[in-house]
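The residues making up each chain are set out below.
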Amino acid sequence: MGKVKCECGHVNPNGTILCESCGRALTEEARQEKLVDMRYEGSARRSQTYNKTIIDKVWNFFSSVKVGIWIIVLLLVAASFGTILPQEFYIPSNMPAETYYEDVYGTFGKLYYMIGFHDLYNSVWFSALIAALGVSLVIASLDRVIPLYRALKNQRVDRHESFMKKQRLFAEQSGTLNASELENVKAELIKKRYKVRMENGALLAEKNRFTRWGPYVNHVGLIIFLLGALLRSVPGMYIDELLWIREGETLQVPGTDGTYYVKNNGFTLENYEEGEDPEVFDEAINRVGTVAKNYQTDAVLYRDENNELPGAKPELTEVQSDAIQVNQPMKFDSFAIYQTSFRQDEMKAMHFALTNKATGEEYGEITVDLFDQQKSYELGNGYKVELLGYYPDFDGFTEAGEPTSKSPLPNNPAFLFNMVTPETPEGEVSFAQIRNTMEPLGETVYKMAFKSLDTRDVSALTIRKDLTLPILAIGGIIFMIGVVQGSYWNHRRLWIREKNGQVYVAGHTNKNWHGLKREIHAVLKETSIPEPEDRQKE
Amino acid sequence: MSNLAGVSSTLLEASFFLYLAATILFGGSIRQKGLRDGEGLNRWGKLGIIVTVIGFAAQLGYFFTRWAAAGHAPVSNLFEFTTFFGMMIVGAFILIFFIYKTAVLGLFALPIAIIIIAYASMFPSEISPLIPALQSHWLAIHVTTAAAGQGILGISFIAGLIYLVKNIDQSVSTKKTKWLEAVMFFIVSVIAFILITTGFAAADYKAEFDYVNKEGAAANLEFTVPALVGPNEGSLLTEGKMEPLAEMPAFINAKKLNTVLWSLIGGVVLYVLIRLVTRKRVAALLQPLVQKISSDLLDEIGYRAVLIGFPVFTLGALIFAMIWAQIAWTRFWGWDPKEVWALITFLFYVAFLHLRLSKGWHGEKSAWLAVVGFGIIMFNLVAVNLVIAGLHSYA
Ligand code: HEM
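Residues numbered from 1 in each chain as written. Chains lettered and ligands numbered in written order. Predicted model: local features only at pLDDT ≥ 70, side-chain atom pairs only at ≥ 80, totals over all residues. Heavy atoms only, no water.

**Focus on empty space enclosed by the protein**
Where empty space is left can be seen by rolling a probe of water-molecule size over the atoms. Residue and element names in this part refer to chain B. Counting across every chain of the model gives three cavities of 30 Å³ or more. Counted as a void, the largest cavity has a volume near 70 Å³. Along the walls of the largest cavity sit 14 residues, with Gly160, Leu298, Gly302, Ser366 and Ala367 positioned nearest its centre. For the lining of the largest cavity, the elements supplying multiple residues, two or more each, are α5 (137-167), α9 (295-328), α10 (337-359) and α11 (363-381). (1 Å grid on protein atoms, 1.4 Å probe; cavity = no way out; pocket = protein on both sides within 12 Å on 5 of 7 lines; lining within 4 Å. Points joined across faces, edges and corners; volume = space filled by probe spheres on them. Helix = DSSP H or I, 4+ residues; strand = E, 2+ residues; numbered from the N terminus.)

**What about the domain arrangement of chain B?**
All names here are of chain B. Taken domain by domain, chain B consists of domain 1 (1-126), domain 2 (146-168 + 293-395) and domain 3 (171-279). Centre-to-centre separation of domain 1 and domain 2, based on C-alpha positions: 20 Å. Interface area for domain 1 against domain 2, summed over the two sides, is near 2200 Å², with a carbon-plus-sulfur share of 87%. One can count zero salt bridges joining domain 1 with domain 2. Run the count over domain 1 and domain 2 and you get one residue pair in polar contact (both at pLDDT 80 or more). When residues of the side of domain 1 that touches domain 2 are traced back to their parent elements, those giving at least two are α3 (78-100) and α4 (103-120). With 13 residues, α3 is the largest single contributor of residues to the side of domain 1 that touches domain 2. The residue inventory of the side of domain 1 that touches domain 2, partitioned by class, reads 20 nonpolar, two polar and one charged. (Domains from an automatic or database assignment. Buried area = accessible area lost by both parts, 1.4 Å probe. Salt bridge = Lys/Arg side-chain N within 4 Å of Asp/Glu carboxyl O. Polar contact = N/O pair within 3.5 Å; in protein donor to acceptor, adjacent residues only side chain to side chain. Nonpolar A, V, L, I, M, F, W, Y, C, P; charged D, E, K, R; others polar.)

**Here we look at the coordination of the iron atom of the ligand**
In this structure, His219(A) (NE2) and His354(B) (NE2) serve as the protein donors to the iron atom of the ligand, at separations of 1.9 to 2.1 Å. One can describe the site at the iron atom of the ligand as octahedral: its six donor atoms subtend angles covering 81 to 177° at the metal. With His219(A) in helix α9 (residues 214-231) and His354(B) in helix α10, the pair connects residues from two separate chains. Taking relative accessible area as the criterion, His219(A) reaches 14% and is therefore assigned buried. (Donors = N, O, S within 2.8 Å, 3.2 Å for Na, K, Ca; no water. Tetrahedral: all angles 85-135°; square planar, octahedral: opposite > 155°, others 65-115°. Buried < 20%, exposed > 50% of the residue type's maximum accessible area, 1.4 Å probe, protein only.)

**What about unusual backbone geometry?**
You will see that Arg193(A), though not glycine, has its phi angle at about 65°, which is positive. By relative accessible area, Arg193(A) is classed as exposed at 72%. Located in the positive-phi region is Glu233(B), a residue other than glycine, with phi close to 50°.

**Quick word on the packing of helix α6 (residues 124-154) of chain A against α9(A)**
Residues and elements named next belong to chain A. Running from N to C, α6 and α9 point in directions that differ by 150°, and their axes come no closer than 10 Å. If you check the angle between α6 and α9, you find them roughly antiparallel. The element α6 and its partner α9 pack so that their crossing is left-handed. Here Ile130, Gly134, Leu137, Val138, Ser141, Arg144, Val145 and Leu148 of α6 lie close against α9, whose contacting residues are Tyr216, His219, Leu222, Ile223 and Leu226. Residue composition of the contact of α6 with α9, grouped by class: nine nonpolar, three polar and one charged. (Axes fitted to C-alpha atoms, helices over the stretch in contact; angles between N-to-C directions. Parallel < 35°, antiparallel > 145°, perpendicular 65-115°, else oblique. Left-handed = near helix turned anticlockwise from the far one by under 90°. Contact = heavy atoms within 4.5 Å.)

**Some thoughts on a nonpolar patch on the surface**
A cluster of nonpolar side chains, namely Ile265(B), Val268(B), Val269(B), Val272(B), Leu273(B), Leu276(B) and Val277(B), defines an oily patch on the protein surface of about 630 Å² accessible area. Relative to the helices and strands, Val277(B) resides in helix α7 (residues 254-278). (Patch = residues over 30% accessible without salt bridge, like charges linked within 9 Å, V, L, I, M, F, W, Y side chains within 5 Å. Areas by Shrake-Rupley, 256 points an atom, 1.4 Å probe, with all protein chains shown as cover.)

**Focus on the domain arrangement of chain A**
All names here are of chain A. Examined at the domain level, chain A breaks down into domain 1 (1-40), domain 2 (45-152), domain 3 (159-208 + 490-534), domain 4 (217-234 + 475-485), domain 5 (238-345 + 460-468) and domain 6 (347-455). Using C-alpha coordinates to define each centre, domain 1 is positioned 22 Å away from domain 3. Opposite the 15 residues of domain 1 that make contact, domain 3 presents eleven residues. When domain 1 packs against domain 3, close to 900 Å² is buried across both sides, 57% of that on carbon and sulfur atoms. On inspection of domain 1 and its partner domain 3, the count reaches zero salt bridges. Linking domain 1 with domain 3 are six residue pairs in polar contact (both at pLDDT 80 or more), by the criterion used here. Considered class by class, the residues forming the side of domain 1 that touches domain 3 number seven nonpolar, three polar and five charged.

In structure tokens:
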């Protein structure tokens with residue numbers, strides 16, 4: 001790589017526009033310009049210097065802020081398309097997406113589904129855009145930060161007058177600098193927290209250089225965040241399971257390889273009540289009707305001590321017990337268990353009485369646990385009931401007269417009983433449902449009369465482990481530090497020097513020119529040193 | 001308890017009228033001579049800012065008394081959030097005012113805040129209890145920070161708007177004058193919405209409908225303005241009220257669409273009236289008010305507001321939001337419409353900053369961007385809440 005030697009003697013990297021040390025223009029273009037481009041101090045950026053190989057071209061493409069902005073805008077527009085209709089994961093889970101969009105939103109919905117917008121954020125092209133953003137962030141930052149660092153580190157106090165003349169804030173006057181006046185100016189500047197350097201009768205005051213690194217710090221934070229998000233797909237980093245658990249049940253916690261079990265000791269749903277809750281809420285409760293106050297599962301967490309022993313029966317020891325509420329997950333190891341949803345009053349058991357149809361006399365009651373049925377129920381005195389068939393989600397009869405069940409869930413339980421009594425030792429068949437009995441095989445003397453129903457609630461708990469969170473948090477914190485660092489300060493510089501009977505003053509800031517002008521005004525107003533003027537004003 | 005709630009709403013009303021008074025004072029200040037860039041404030045301007053600060057203090061009083069009455073930060077429904085957002089615009093204006101001492105900014109910022117607060121009061125304003133998802137300290141932390149960020153970004157919109165009113169040539173009709181009028185029309189429509197809603201509420205208009213909802217079930221709905229469009233298979237139950245002119249399919253919320261229609265029609269009527277009476281564009285009417293302020297300064301204020309507001313917005317609307325979502329909804333990000341629009345807002349201001357920094361989009365271009373950015377914020381506040389059904393309510 002070639003080097004460029006400046007008249008002042010400083011050796012600059014190839015591609016430098018303004019000498020890192022004295023600020024002289026090194027290219028013909030820069031010499032012609034009225035105001036120099038100070039964004040990167042005229043330093044040598046790879047993207048501005050090389051454009052031969054494929055690597056150069058890729059580098060130059062992604063280091064361009066124009067390209068970066070295009071990526072950002074494309075992401076923004078794409079993201080908005082995904083909000084026109086609900087995404088696939090928000091539509092009711094019992095409806096297939098193929099038909100849902102057309103059914104509910106007509107032709108537009110069908111089109112939306114066909115383009116793939118129903119699952120936009122998981123699409124390949126959306127991920128590709130995010131990847132392009134990440135690549136662009138890395139390359140654009142590297143392209144600038146190193147040369148910028150060099151240039152700011154190497155800058156000399158007495159900049160060449162051609163450099164000063166091309167600053168946005170500039171003044172020039174014939175005369176000489178008064179040494180004691182310059183000392184006063186220096187003292188004032190130090191009071192305003194400038195770092196002041198003087199060399200060869202020239203002055204450079206500079207403050208808040210650190211703010212120039214803000215964008216790079218925030219970009220690094222962002223990259224860490226994106227990498228963290230990527231890590232989620234690494235096995236073991238991320239677990240997301242849903243567990244439906246009935247009151248009283250103890251189930252394995254999915255995702256923990258059988259180490260943990262959880263027991264549901266009861267689900268509670270509370271609503272706000274007039275009279276019970278603060279009076280100020282009455283008006284709202286009256287207008288809206290019911291307002292939920294609490295969803296809670298009282299849960300106990302167990303560890304299976306025998307989990308390591310193959311074939312052994314689980315031996316559960318209690319680890320912790322907790323009321324899991326929305327906003328109050330139960331936490332253990334790197335897991336959290338959340339209250340996500342619930343179903344109230346699921347059927348648990350049904351009570352039937354063996355009844356003589358003519359007299360109405362009952363010969364005993366049986367309780368059928370919908371989750372644990374017996375083959376036969378003894379009632380004594382020669383009375384017994386046999387369970388011939390159980391149809392948890394009864395759906396009607398086949399043509400052959402067989403009862404069918406739509407699903408294994410006890411949504412609409414129905415039973416085929418065989419009733420054995422001293423009177424009917426062969427048994428009679430009764431088909432019983434809630435509040436309904438039928439006689440599919442002909443007239444019977446007895447029937448199974450529905451008595452009552454036991455219900456219980458079911459909680460849906462989400463089991464979540466996300467080991468990427470610390471990485472995301474670090475990325476987020478670094479990002480915020482960088483944004484604040486770059487936004488809430490500005491890098492200000494003031495140059496004063498005398499050469500050949502001319503006094504030159506120039507100022508530069510990366511943003512907030514009003515602030516710099518006010519500050520310079522305060523420092524120079526009582527001196528003979530000319531105040532620099534803004535040459536970019538309309 | 002309810003006594004405190006009463007004090008609270010009185011304070012809110014007081015702040016509303018104080019902001020009105022401050023607007024008039026700022027108006028007076030720019031009529032006086034000698035308010036160029038760099039010159040001090042005149043007496044009107046000083047009074048204006050004093051009244052603004054008192055109004056802001058009154059509204060803070062509203063906020064904290066309501067907090068005490070409810071037992072939770074009053075940012076839990078649309079009324080409370082929007083009111084708070086208006087307050088944050090005033091707060092951001094005060095902050096920027098003390099940096100730049102520009103009275104003209106107040107002349108625009110306060111009316112915008114007033115309109116927003118009036119708009120807020122169109123929603124049910126009773127103190128509501130918190131549903132489980134909202135029972136968290138993060139409610140206060142996330143929502144107030146996000147609104148503060150939006151309020152500060154709002155100042156960049158106001159600076160941008162003033163810049164455009166001042167610099168767009170009104171002697172000819174161009175694309176720019178048309179777009180600027182579109183912005184003005186939007187503001188006029190919001191005013192029309194407030195007037196219409198208040199009018200029908202004063203007349204106690206109520207029309208009840210039976211209809212069939214999206215899930216195919218029978219449901220009931222009450223309109224508080226006459227139904228231009230009615231719900232799916234709706235039938236009017238209240239006697240003597242207007243029958244809808246058209247019926248909407250089930251997936252469109254007819255009541256909300258109806259409100260939008262009324263606002264647009266009201267906006268057109270009001271806007272045309274202004275144009276007919278004054279024979280000028282709305283922006284041209286405002287132009288004389290802003291002649292004295294330096295465009296450079298406006299540009300600087302707009303950029304500064306974005307620089308101050310963007311980190312606050314990011315912290316509140318994305319980072320705090322993610323932390324809370326992780327706790328309340330089990331995941332920090334779920335592509336819910338409200339989340340997505342916060343991300344879009346973020347990306348938009350990222351584009352703004354990069355365009356300014358590298359493409360040199362200063363002055364007019366920057367002003368347009370600031371207007372669009374605020375448009376996105378308002379879209380997220382209004383449309384996403386009202387039109388796009390999202391997750392932002394539990395169960
Ligand atoms: C979501 C993504 C991004 C965020 C949040 C972000 C954020 C920022 C911020 C806040 C600044 C400082 C702006 C200012 O102080 O006015 C900045 C500067 C910058 N960004 Fe980004 N950026 C993003 C993406 C990109 C991309 C894709 C590129 C690639 C081309 C890029 C290149 C730059 C450059 C070159 C600077 C200026 C640095 C300087 O001049 O000192 N950024 N970025």
